[in-house]
Number of protein chains: 2
Amino acid sequence: MASKQQQKLVQSLKIKKYRQLHGLFMAEGEKIVAEILKTGYAVKQLYALPQWLEQYADILKKKYPDTEIIPVPDAMLRKLSAQETPNNVLAVCPIQLPKLNENILHTQLSLALCNLKDPGNLGAVIRIADWFGVPYVFCSPQCVDVFNPKVIQATMGSFLRVQVFYQPLQNLFAQYPQVPVYGAVLQGSNLFTTPPPTSGAVLLVGSESHGIDPALMPYVHHPVTIPRRGGAESLNAAVATGILTSYLTMAAK
Amino acid sequence: MASKQQQKLVQSLKIKKYRQLHGLFMAEGEKIVAEILKTGYAVKQLYALPQWLEQYADILKKKYPDTEIIPVPDAMLRKLSAQETPNNVLAVCPIQLPKLNENILHTQLSLALCNLKDPGNLGAVIRIADWFGVPYVFCSPQCVDVFNPKVIQATMGSFLRVQVFYQPLQNLFAQYPQVPVYGAVLQGSNLFTTPPPTSGAVLLVGSESHGIDPALMPYVHHPVTIPRRGGAESLNAAVATGILTSYLTMAAK
C-alpha cells in the first residue's frame, strides 16, 4: 500500500516545479512501462496492481533489484494517475539529461520546436522523430516540458529513444552555423521541390498560432512550405512536423 | 440572458443523442464562429459577450436576420462551453447532411477512416483534408461524431469545407469497385516509391491500436507503409494520415 508520503510524491510529479525539485517523473500504463523495463531505463518506484507485478516478477527481480515495488489496488492507482483512463501500473523514474554528440548534429536531421505548448503535440512529435530515426529534438524553453505526464503518455514510449534538449534555439543555431536550418513557414519554397538534405540539418517548426519566432528567422537557410490546395489556414503542428520530417529524411538510408 | 431552457438545450448538445434529436450542434470561439459567418453557414442561436456582438452587429443584421442573438456574460459562456478554455462566442447550428457527388469520388482523393475514436485526431484529419483539397472524408459508424464539440474545435473551421459521411465502409467500397483503395498498413509497399493516383482514389486509415478492420482488407488495392527508420511502433493516426495524404495528392494540380 502506498504511504501518505509516497502518494504526495507521485501527485507532486504532475507539476514541473516538483519534477525538477525531485529529479523524477512519472510514466503510466502497461505499454510504456513495458518499454521502460525492456530498455533498462532506471526506475525508482513502481506502483502496480498485484496481477501486473506477478506477470513481471522475473524481470523485476533480475533487472530492477533496487526499485521500490509498491503493490496497490485499482482505487489507489486512480488516485495517483495523471490520466483520464487510469492504468494498471505507474513508474516513477529519475530524469536523465540528454547528452549532445556533435557528430550526430552534423550528419543527421534534428528537429527544433519553437514554443510548442500542447502536450499531445509534443508527444506526437517525439514519436515522429523516433519513427523516422531522428535522434535529437531541441525545444525552446517555452515549450511544454517533455516530462509532463501527458507528453510522456503521448510519446507512447518514444521518449526512451529520442533525446530532448531545452535551450534557447538562437544559441543552438549560432553555435552550429554550418548546419543548414529548414524552417516551416507559410510563404516559403515548395517543400516537395526542395532537395532534402544529404547531411546534418535542423528542421525548425513554430507554434500553430504564432509560427516561428521572428528572432529565429535570420538563422533559417531554407524557408519551406507544405503546398496547400484547399481552404485550411494551417495544419496541426504535429501533422505538419510529420509531413516535413517524412520528406526531409527521404534521402537518408 | 440565456433562459433555463436555452441553457439546457446547449448543454445537451455535448451528447450525440441530443445532437441527433435536435438536429443541432455547437461551435465555439472567435475564429470558428467568424468562419461560420464568413461562409454563410446557418446559425440558429448565437450566445456571445456584448462586446463580440457589437463587433459583428453589421454582418449579423445583414446575413443572419433570423438567428436568435443572446447576449450573455462571461460566466454564462463558461457554463455553456464544452471547452476547457471558454470563448467569447458560441453558435448553435443546424446539422447539414453531406451530399455525395459521384464525379468527385471518381476524380479526386477521398479519405476513409476506420474506427477513429479520438476527437482531436478526427478534427486534425478534417483539417488535413481541407489543407490538401480533399473534399470527402468517409467515417465508419464507430468513428467519433464529427459534430462532437471537441472535433468541431480541432477542425479549426475546416468542417465547413470538407464533407464528412458516416457509413459502413464495406458498402462504399463495394459500390465503387473501380475507385482504387490505398490502405495504410504496417507491412505494405513503400509509400514513397508507390506512384500517387492520377485520378479518383480512396485512402483508408485504421485506428492506431487496431489498424484497418480485417473485413475491409479485401477492398484494399494498394497496401502502403510509411517507411520506418527508428524504434517507434506506430505514428499518431492524424500524423500518419497527414503524411499519406500529402504524398498521395502530390500528383494533383
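Worth saying up front: this structure is predicted, and the values here are computed from it rather than measured.

**Here we look at the packing of aromatic side chains**
Then, number 1: In total, this model carries 20 aromatic pairs over all chains according to the counting rule given.
Then, number 2: Look at Y136 of chain A and F165 of chain A: their rings are 5.0 Å apart centre to centre, the planes differ by 80°, and that puts the pair in the edge-to-face class. With Y136 of chain A in strand β6 (residues 136–139) and F165 of chain A in strand β7 (residues 163–166), the pair connects residues that are 29 residues apart, well separated along the chain. Here Y136 of chain A and F165 of chain A have matching classes, each one buried.
Then, number 3: Where Y41 of chain B meets F159 of chain B, the ring centres are 6.1 Å apart and the plane angle is 75°; that geometry is what we call edge-to-face. One end of the pair, Y41 of chain B, is in the loop between α3 (30–39) and β2 (45–48); the other, F159 of chain B, is in the loop between α9 (149–155) and β7 (163–166), with 118 residues separating them in the sequence.

**Here's the deal with the domain arrangement of chain A**
Residues and elements named next belong to chain A.
Then, number 1: Domain boundaries assigned for chain A yield domain 1 (4–94) and domain 2 (102–248).
Then, number 2: The centre of domain 1, based on its C-alpha atoms, is set 30 Å off from the matching centre of domain 2.
Then, number 3: A combined buried area of about 1,300 Å² lies between domain 1 and domain 2, and 63% of that area is made up of carbon and sulfur atoms.
Then, number 4: Here domain 1 and domain 2 share 2 salt bridges between them.
Then, number 5: For D145, the salt bridge identified is with R19, shortest N-O distance 2.8 Å.
Then, number 6: Connecting domain 1 to domain 2 are 5 residue pairs in polar contact (both at pLDDT 80 or more).
Then, number 7: For the side of domain 1 that touches domain 2, the secondary-structure elements that each account for two or more residues are α2 (16–22), β1 (24–28) and α3 (30–39).
Then, number 8: The element that contributes the greatest number of residues to the side of domain 1 that touches domain 2 is α3, accounting for 5 residues.
Then, number 9: Across the side of domain 1 that touches domain 2, the residue classes break down as 8 nonpolar, 2 polar and 6 charged.

**Considerations on the relation of the copies chain A and chain B**
Then, number 1: Note on the copies: chain A fits chain B at an RMSD of 0.0 Å, the axial shift is 0.0 Å, and the rotation between them is 180°. Both copies of the chain, as the preceding transformation shows, are related through a two-fold rotation axis.
Then, number 2: The residues that chain A uses at the interface reappear at the interface of chain B in 97% of cases, marking a shared surface.

Thresholds applied
- Residues numbered from 1 in each chain as written.
- Chains lettered and ligands numbered in written order.
- Predicted model: local features only at pLDDT ≥ 70, side-chain atom pairs only at ≥ 80, totals over all residues.
- Heavy atoms only, no water.
- Phe/Tyr/Trp six-rings, centres within 6.5 Å; stacked < 30°, edge-to-face > 60°.
- Helix = DSSP H or I, 4+ residues; strand = E, 2+ residues; numbered from the N terminus.
- Buried < 20%, exposed > 50% of the residue type's maximum accessible area, 1.4 Å probe, protein only.
- Domains from an automatic or database assignment.
- Buried area = accessible area lost by both parts, 1.4 Å probe.
- Salt bridge = Lys/Arg side-chain N within 4 Å of Asp/Glu carboxyl O.
- Polar contact = N/O pair within 3.5 Å; in protein donor to acceptor, adjacent residues only side chain to side chain.
- Nonpolar A, V, L, I, M, F, W, Y, C, P; charged D, E, K, R; others polar.
- Least-squares fit on C-alpha atoms with pLDDT ≥ 70 in both.
- Contact = heavy atoms within 4.5 Å.

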